[in-house]
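# Working through the structure, step by step
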Amino acid sequence: NLNTVISSIVPLINADAAIYDKTVRLSLDQLPHLLLDENEIRQLLLNLCRNGLEAMKPGGLLTIKTSLEDTGVILSVQDQGFEIPATVLDKMGTPFFTTKEKGTGLGLAVCHSIAARHNALIKVETSPAGTTFYVCFTLNARHK
């Protein structure tokens, strides 16, 4: 269950957030079981959350949410950081592309690779109020 995977890694994410005076909020809906590699989903979630935490000023809120939609199961990670410029948005997920001083440019590339192995897509919405990453899992990957 995706929510179980999220719950197992939240203490680590909360510890990261606390170091930088940021808060994590969970909003987890009832979900069907999906065929998931727990370690890969943990890595995907950790990468998205750490990016979100790094993008925010102290006092920021990171929201991790799951929902069941007509199109499938949606995992979203929303930060209150800055708007991502269109020139950067186009390159995000490209291996070795980074805007961070000490980044490798592999975090989002790994996330896209993990999502692809799970028949999922990653979508991004950004505005001056922050950025949300959506990982959209199709329901046909679900256990019967």
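Before reading on, note that the structure itself is shown above.
Let us look at the structure shown here.

The rules we used
Residues numbered from 1 in each chain as written. Predicted model: local features only at pLDDT ≥ 70, side-chain atom pairs only at ≥ 80, totals over all residues. Heavy atoms only, no water. Pairing = 2+ DSSP bridges. Helix = DSSP H or I, 4+ residues; strand = E, 2+ residues; numbered from the N terminus. Axes fitted to C-alpha atoms, helices over the stretch in contact; angles between N-to-C directions. Left-handed = near helix turned anticlockwise from the far one by under 90°. Contact = heavy atoms within 4.5 Å. Nonpolar A, V, L, I, M, F, W, Y, C, P; charged D, E, K, R; others polar. Salt bridge = Lys/Arg side-chain N within 4 Å of Asp/Glu carboxyl O. Buried < 20%, exposed > 50% of the residue type's maximum accessible area, 1.4 Å probe, protein only. Expected span 1.5 Å × (residues − 1). Polar contact = N/O pair within 3.5 Å; in protein donor to acceptor, adjacent residues only side chain to side chain.

### Some remarks on the sheet that holds strand 3 (residues 72-78)
Strands sit in the order 1-2-3-5-4 across an open sheet of five strands; the sheet is mixed. Each edge of the sheet is formed by a strand with only one pairing partner; in this case those strands are strand 1 (23-28) and strand 4 (120-127). Each strand axis lies, on average, 15° off the axis of its neighbour in the sheet, ignoring direction. Bridge count for strand 2 (residues 61-69) against strand 3 is seven bridges, and the pairing is antiparallel. Of the residues in strand 3, the one forming a bridge with Thr-63 is Gln-78.

### Focus: the packing of helix 2 (residues 38-55) against helix 4 (residues 107-117)
Interhelical geometry of helix 2 versus helix 4 gives an angle of 145° and a closest axis separation of 9 Å. Classified by chirality, the crossing of helix 4 by helix 2 is left-handed. For the pair helix 2 and helix 4, the contacting residues are Glu-40, Ile-41, Gln-43, Leu-44, Asn-47, Leu-48 and Asn-51 in the first and Gly-107, Leu-108, Val-110, Cys-111, Ile-114, Ala-115 and Arg-117 in the second. Considering only residue class, the contact of helix 2 with helix 4 consists of eight nonpolar, four polar and two charged.

### Regarding the pattern of salt bridges
Under the definition given, this model contains two salt bridges. Between Asp-16 and Arg-50 there is a salt bridge whose closest N-O contact spans 2.6 Å. With a gap of 34 residues between them, Asp-16 in helix 1 (residues 2-19) and Arg-50 in helix 2 connect regions that are remote in the sequence. Taking the relative accessible area as the measure of exposure, Asp-16 reaches 16% and is therefore buried. In this structure, the salt-bridge partner of Glu-40 is Arg-117, at a minimum N-O distance of 2.8 Å. Of this pair, Glu-40 sits in helix 2 while Arg-117 is found in helix 4, placing the two residues 77 residues apart along the sequence.

### Brief notes about helix 2
Between its first and last C-alpha atoms helix 2 spans 26 Å; for 18 residues at 1.5 Å apiece the expected length is 26 Å, and the two agree. Here helix 2 has its buried residues at Glu-40, Ile-41, Leu-44, Leu-45, Leu-46, Asn-47, Leu-48, Cys-49, Gly-52 and Leu-53. Where the residues of helix 2 are buried, they touch helix 1, strand 2, strand 3, helix 4 and strand 5 (130-137). Structurally, the start of helix 2 carries an N-cap: the backbone nitrogen of Asn-39 is 3.1 Å from a side-chain oxygen of Asp-37.

### Some thoughts on unusual backbone geometry
Backbone geometry at Asp-21 places phi at a positive 55°, although glycine is not the residue there. You can see Asp-21 is positioned in the loop between helix 1 and strand 1. In this structure, Asn-119 takes a positive phi of about 55° despite not being glycine. Within the secondary structure, Asn-119 sits in the loop between helix 4 and strand 4. Exposure remark for Asn-119: the relative accessible area of 51% places this residue in the exposed category.

### Considering the environment of Asn-14
Mapped onto the elements of the fold, Asn-14 is located in helix 1. In this structure Asn-14 comes out as partly exposed when scored by relative accessible area, which is 33%. The spacing of Asn-14 and Cys-49 is 35 residues in sequence and 9.9 Å in space, taken between C-alpha atoms.

### Overview of the packing of helix 1 against helix 2
Helix 2 packs onto helix 1 with a crossing angle of 35° between their chain directions and a minimal axis gap of 10 Å. The two elements helix 1 and helix 2 cross, and the hand of that crossing is right-handed. In contact with Leu-2, Val-5, Ile-6, Ser-8, Ile-9, Leu-12, Ile-13, Asp-16 and Ala-17 of helix 1, helix 2 contributes Glu-38, Ile-41, Arg-42, Leu-45, Leu-46, Cys-49, Arg-50 and Leu-53. Class assignment for the residues of the contact of helix 1 with helix 2 results in twelve nonpolar, one polar and four charged.

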